[in-house]
Amino acid sequence: MAELNATFRGLNTEVYPDRLPDGTADVALNVTVRNGDIAKRAGFAQVEDDADGAAGAILNGTVVRFADGDIYIVVKIGAKLYQRKMYPSDAGSFTEITLSRAAHATDRGWFFLWADRLHYFDRNGGHRWNPDVNGGVAYKAGLPRPRYGVIPQAAVGGEKDGYYHTVLSYRNKNTGEEGVVTASHTPDLECRIETPDTRSGVSVANWTDIAAADSDHEWTHAHLWTSRGNTERIGLGAGVECFSYRYYPDVLLSKSSVLAAGLNKADHVLNPNDHLRNDGGEPPGALFGCFNGRHAVYGGIYAGSFATLTTALAGNNNDLKYTATIEGGAGNAIRVRYTAGATAGAEVVTVSGRDITVQVENGVSTATQVSTAVSASAAAIDLVSVANADGNDGSGAVATMSYTALTGGGVGGNSATPGEIRFSKPGFPTMVPMPADYRNGGDAQTLEPRPWRGQIIDGLPGSCAAASWGGLTLVFATTATWQLRPDEAGRLWASSLLPNIGCVGQAACVGTPGGVFAFGYRKLIRFGSQGWRDLTKDVLGPTLEDVPVAYQHSTVLGYFGDRNEVWAAVVKNGQTAARRIIVHSLDDGQFVIFEPACLAAGEGIVAMCEMAVPNAAPVMLVFTSAGRILKYPSGTADVSTHFAAQWRGYFLQSQQRYEHLIENIRVHAGSNVSGNVTFGIRQFQTGGETITQQTHALTKSSAVERIGAQFQNECNYVQVEFASANTVTSQWSIRNLNITATRAVT
């Protein structure tokens, strides 16, 4: 006589049943498998039915806990971010976060928390937000090159004396961030003072304008740098520009109501070992990325676009194209006009603020003559470069033209740079060292950051996702995986980890305490300190083959820390949205499937993350394309919509070398089984035969129920099913199963 006291396991839809371990299932739908028990899963309740009040599709969502203990849910909908405070009290509804610039309307983007600020990035750049800072308005992430350089005022009291150039950078004393020094300026940033008898200093007259221009970034101080006295002319002759001389920190100014700033530090007290640095930098627009606690990694880079103006004058060969010298939206403030009053060949260019005026001889001056005059103006070429428009050779005469603005400058270009990956300085995720172009009068050059640029030079072709945990940082393409490792100087280097296996989409990877997980082509991969492993190999082949290849990119991964589970929301065959959740337990390696019954037709899962608030059990949040947020576990039904549950598995495989007659089966029922759950059994010899299932309605809860003997025929193993219909509202559980069988006489 054989007696099998079996516990329950999760899914294996790939191996033939007669080779499975006892208790393994080929169906585990809307059930949980924990500690050998099976149970109907809890329900998904609704946290929010319409986050933006207009049924806008959520593109991404996260939970953030700030240093003061306040907990918020933040979602991305269209070009906006919305927040709802959840702790210590629930605000009950979402409120739009005011952004200094719009997010991109279709990018899902990505989040990380640093310096008690939630950071969000997409191709339009980054935002940083704390509800108690800046009146709740989000700053732009990182620190920019200042839009305005210093305007020298008349000499003031002090010890500076000579010929100087002065540049400017921003700092945040709270985080330690520092941006790169000023790029192009208006007017010319040159600051030369020559009053040897009065030993005068340099006064910055436009400090108020400087402080106001970049107030959409979070900075506390401006760092002013000057060159050493008279070095700008050594061996070069009077009036010759040279940006390449070293600059030294002169004064650090607080962002305050100071009207003018004096640079009075004598040359002999400047620290000759502390000269201009160029290793800050505003982070790029990026489709995906991650922050590993030391470096931020940016991928899917959208380089900033330069504002341009192509004139459209009557006539032929007389149009010019003006291009801003600094990328981004600041270039859209530049205006150009042509006025009468000059003689052809002697055009006059003047600059006021960001307005360029070219005096021409109306109808006589040629486009070439205008271009030559603009290019000869140090103030003008700080703002723009100029060239013949397409299809023009410059020989045509120009006419007067009213002020016309450059357009098209922005932080997000028209296309991502293929494979480009950038990374931050260690410990400063929004400082991304990159080369910067500078122009000062007639001098222009590119300065490289020290000690390195934050860029994977060779690129990672086709990269589409990134994730990290515990020092492990991975970048994925759909068919390849790279690991990023730092050297002693803090620079990241990429090494190929899996040349033929990757991640199917931006949201299809997640970092957990158990490693980084990624959903590749019909496989779930776990990367950890011991290497990598395909968790679904010989386990879920047919289940993953049910995911349409065309919609694999819609896969979303999330980590439910309270249950130590990785969730993968996937599209199943015949659908176009992710509505099925494959749940993998990291504790025992089991798989089950959830299918929330409360999703409307076409509504898909777009993000998942855990929310844990004090004095409450943690929940898994599920964000949907219908603007809704669900939570699990919560109750016994999916938002008043009941759902069917089914577990079907196999037993006696360990005894299958004999044929058996089943004598009796005992079911150790848990709660709410009576009248809710049916028991079914099929007896197989080969597994290929057609067997009618015998079904029994279970009648006991929290007790052992004996099911009659003499089922039918001899068998090598049995298929057992526990199921409840979608009319059943109660959660139920089954503890274990005991099968008594007699060896058949042959």
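Before reading on, note that the structure itself is shown above.
This text gives an overview of the structure that appears in the document. Bear in mind that the values here come from a model prediction, so they are computed numbers and not experimental data.

A look at the overall build of the protein chain
- Across its full length, the protein chain carries four helices and 55 strands.
- Counting all 746 residues of the protein chain, 56% fall into the buried class.
- Partitioning the contacts of the protein chain with sequence separation of at least 6, the portion at a separation of at least 24 is 68%.
- Of the accessible surface of the protein chain, which amounts to about 29200 Å², a share of 47% is contributed by carbon and sulfur atoms.

Quick word on the nonpolar core
- One finds Trp567, Trp647, Phe651, Phe679, Phe722 and Leu737 to be the most contacted residues of the largest nonpolar core, which totals 92 residues.
- Considering every element that reaches this core, the biggest residue donor is strand β43 (residues 565–570), with five residues.
- Counting 24 residues, the second-largest nonpolar core is a separate cluster that includes Leu313, Tyr338, Ala367 and Val370.

Let's talk about the sheet that holds strand β24 (residues 308–310)
- With respect to topology, three strands assemble into an open sheet ordered β24-β25-β29, the strand pairing being antiparallel. Strand pairing shows two members of the sheet lacking a second neighbour, β24 and β29 (384–388), which therefore form its edges. Strand-to-strand twist across the sheet, computed as the mean angle between neighbouring axes with direction ignored, equals 15°.
- One ladder, built from three bridges, connects β24 with strand β25 (residues 320–324); its direction is antiparallel. In the sheet register, Leu309 faces β25, and the bridge partner there is Tyr322.
- Relative to β25, helix α2 (residues 367–375) is tilted by about 20°, and along the sheet it contacts β25 and β29.

Things to note about empty space enclosed by the protein
- Under the counting rule described, the total for this entry stands at five cavities of 30 Å³ or more.
- Quantified by volume, the largest cavity comes out at close to 100 Å³.
- Forming the boundary of the largest cavity are Thr32, Val33, Arg34, Glu565, Val583, Ser585, Asp588, Gln590, Phe591, Val592 and Phe594.
- Counting only elements with at least two residues in the lining of the largest cavity, the list comes to β3 (31–34), β44 (580–585) and β45 (591–594).
- Residues belonging to the lining of the largest cavity are distributed by class as follows: five nonpolar, three polar and three charged.

Let's talk about the packing of aromatic side chains
- For the structure on display, the rule yields 27 aromatic pairs.
- Relative to Phe722, the ring of Phe8 lies with its centre 5.9 Å away and its plane at 90°, an arrangement referred to as edge-to-face. You can see Phe8 sitting in the loop between β1 (2–6) and β2 (24–29) and its partner Phe722 sitting in strand β54 (residues 717–724), a full 714 residues away along the chain. Each member of the pair, Phe8 together with Phe722, is buried.
- Between Phe66 and Tyr72 the ring centres are 5.8 Å apart and the planes differ by 75°, which places this aromatic pair in the edge-to-face class.
- Of the aromatic side chains, those joined through ring pairs into one cluster are Phe8, Trp647, Phe651, Phe679 and Phe722.
- Its guanidinium or amino end placed over the ring of Phe643, Arg41 lies 3.8 Å from that ring's centre, counting from NZ or CZ.

Description of the sheet that holds strand β35 (residues 472–477)
- Here we have four strands laid out as an open sheet, ordered β34-β35-β36-β37, and antiparallel in their pairing. Of all strands in the sheet, those bounded by a partner on one side alone are β34 (463–469) and β37 (492–498). For this sheet, the mean angle separating the axes of adjacent strands, direction not counted, is 25°.
- In this sheet, β35 lies alongside β34 in antiparallel orientation, the contact comprising six bridges. Paired with Ala467 across the two strands is Leu474, which belongs to β35.

Considerations on the state of the cysteines
- Taken as a whole, this structure holds zero disulfides when the rule is applied.
- This cysteine, Cys509, is not joined by any disulfide, and Cys503 carries the nearest cysteine sulfur, 4.3 Å off.
- Classification of Cys509 by relative accessible area gives buried; the value is 10%.

Quick notes on the layout of surface pockets
- Reported here for the largest pocket is a volume of approximately 1300 Å³.
- In this structure, the largest pocket is lined by 41 residues; those nearest its centre are Thr62, Phe111, Val510, Gly511 and Cys609.
- Taken together, the elements giving at least two residues each to the lining of the largest pocket come down to β6 (58–65), β10 (110–114), β22 (285–291), β34, β38 (509–512), β42 (556–560) and β46 (605–611).
- Within the lining of the largest pocket, the residues separate by chemical class into 26 nonpolar, 12 polar and three charged.

Examining the pairing of β44
- Taking burial as the measure, the six residues of β44 include six buried ones, the bulk of the element.
- The alternating pattern of β44 places Arg580, Ile582 and His584 and Ile581, Val583 and Ser585 on opposite faces, both of which are buried.
- In this sheet, β45 lies alongside β44 in antiparallel orientation, the contact comprising four bridges. Counted as the bridge partner of Val583 is Val592 from β45.

Overview of α2
- Within α2, the full set of buried residues consists of Ala367, Val370, Ser371, Ala373 and Val374. Along α2, the residues classed as buried sweep out an arc of 165° about the axis, all on the same side.

Regarding the environment of His584
- Following the sequence through the fold, His584 ends up in strand β44.
- For His584, a relative accessible area of 4% translates into the label buried.
- Taking the C-alpha atoms as reference points, His584 and Leu524, 60 residues apart in sequence, are found 9.7 Å from one another.
- Beyond its immediate chain neighbours, meaning those up to four positions away, His584 contacts Phe517, Leu524, Leu535, Asn564, Glu565, Val566, Gly589, Gln590 and Phe591.

Remarks on the environment of Leu99
- Relative to the assigned elements, Leu99 resides in the loop between β9 (95–97) and β10.
- Note: C-alpha distance between Leu99 and His127 (28 residues apart in sequence) is 7.3 Å.
- In this structure Leu99 touches Ala79, Lys80, Leu81, His127 and Ala138, once residues within four positions along its chain are discounted.

A closer look at the side chain of Arg117
- For Arg117, the position within the fold is in strand β11 (residues 117–122).
- For Arg117, a relative accessible area of 14% corresponds to the buried category.
- With residues up to four places along the chain from it excluded, the contact list for Arg117 reads Phe66, Phe112, Arg128, Trp129, Asn130, Val133 and Glu218.

A few points about unusual backbone geometry
- Looking along the chain, the bond that leaves Tyr87 and enters Pro88 is cis, with omega of 10°.
- Here Tyr632 and Pro633 are connected by a cis peptide whose omega angle stands at -5°.
- Examined against the element boundaries, Pro633 turns out to sit in the loop between β48 (629–632) and β49 (645–651).
- A positive phi angle is found at Arg522, which is not glycine, with a value near 55°.
- The topology assignment puts Arg522 in the loop between β39 (515–520) and β40 (523–528).
- Judged by its relative accessible area of 28%, Arg522 falls in the partly exposed class.
- Located in the positive-phi region is Asp538, a residue other than glycine, with phi close to 60°.

Each value, and the rule that gives it
Just so you know, the residues in each chain are numbered from 1, in the order the chain's sequence is written. Local features in this predicted model are restricted to residues whose pLDDT is 70 or higher, and side-chain atom pairs enter the listing and the counts only when it is 80 or higher, whereas totals over whole chains, interfaces and linings include all residues. Derived side-chain values reflect all non-hydrogen atoms in the structure, with water molecules and hydrogen atoms excluded from consideration. In this description a helix means any DSSP run of H or I spanning at least four residues, a strand means any run of E spanning at least two, and both kinds are numbered starting from the N terminus. Throughout, exposure labels follow a simple rule: accessible area from a 1.4 Å probe, protein chains only, divided by the maximum for the residue type, with under 20% read as buried, over 50% as exposed, and the rest as partly exposed. Whether two residues touch is decided by their heavy atoms; if any such pair falls within 4.5 Å, the residues are in contact. Residue-level accessible areas treat just the shown protein chains as cover; the underlying method is Shrake-Rupley with a 1.4 Å probe. What makes a nonpolar core is a set of buried Ala, Val, Leu, Ile, Met, Phe, Trp, Tyr and Cys residues whose side-chain atoms join them at distances within 4.5 Å. Strand pairing is defined by DSSP finding a minimum of two bridges between the two strands. Note on definitions: angles span 0 to 180 degrees between N-to-C directions of axes, and those axes are lines fitted to C-alpha atoms, for helices only across the stretch in contact. A cavity here means a set of 1 Å grid points, computed over protein atoms only, where a 1.4 Å probe fits but cannot escape. A pocket is an open set with protein on both sides within 12 Å along at least 5 of 7 lines, and lining residues have an atom within 4 Å of a point. Grid points are joined across faces, edges and corners, and a volume is the space filled by probe spheres set on the points. Gly falls in the polar group here, along with every residue not listed as nonpolar (Ala, Val, Leu, Ile, Met, Phe, Trp, Tyr, Cys, Pro) or charged (Asp, Glu, Lys, Arg). The aromatic pairing rule takes the rings of Phe, Tyr and Trp, using the six-membered ring of Trp, and pairs them if the centres are within 6.5 Å, calling planes under 30 degrees apart stacked, those over 60 edge-to-face and the rest tilted. Our definition puts a charge over a ring when NZ of Lys or CZ of Arg is within 6 Å of the ring centre and also within 35 degrees of the ring normal. Any two cysteine sulfur atoms lying within 2.5 Å of each other are counted as a disulfide. This arc is taken over the directions from the axis of the helix to the C-beta atoms.

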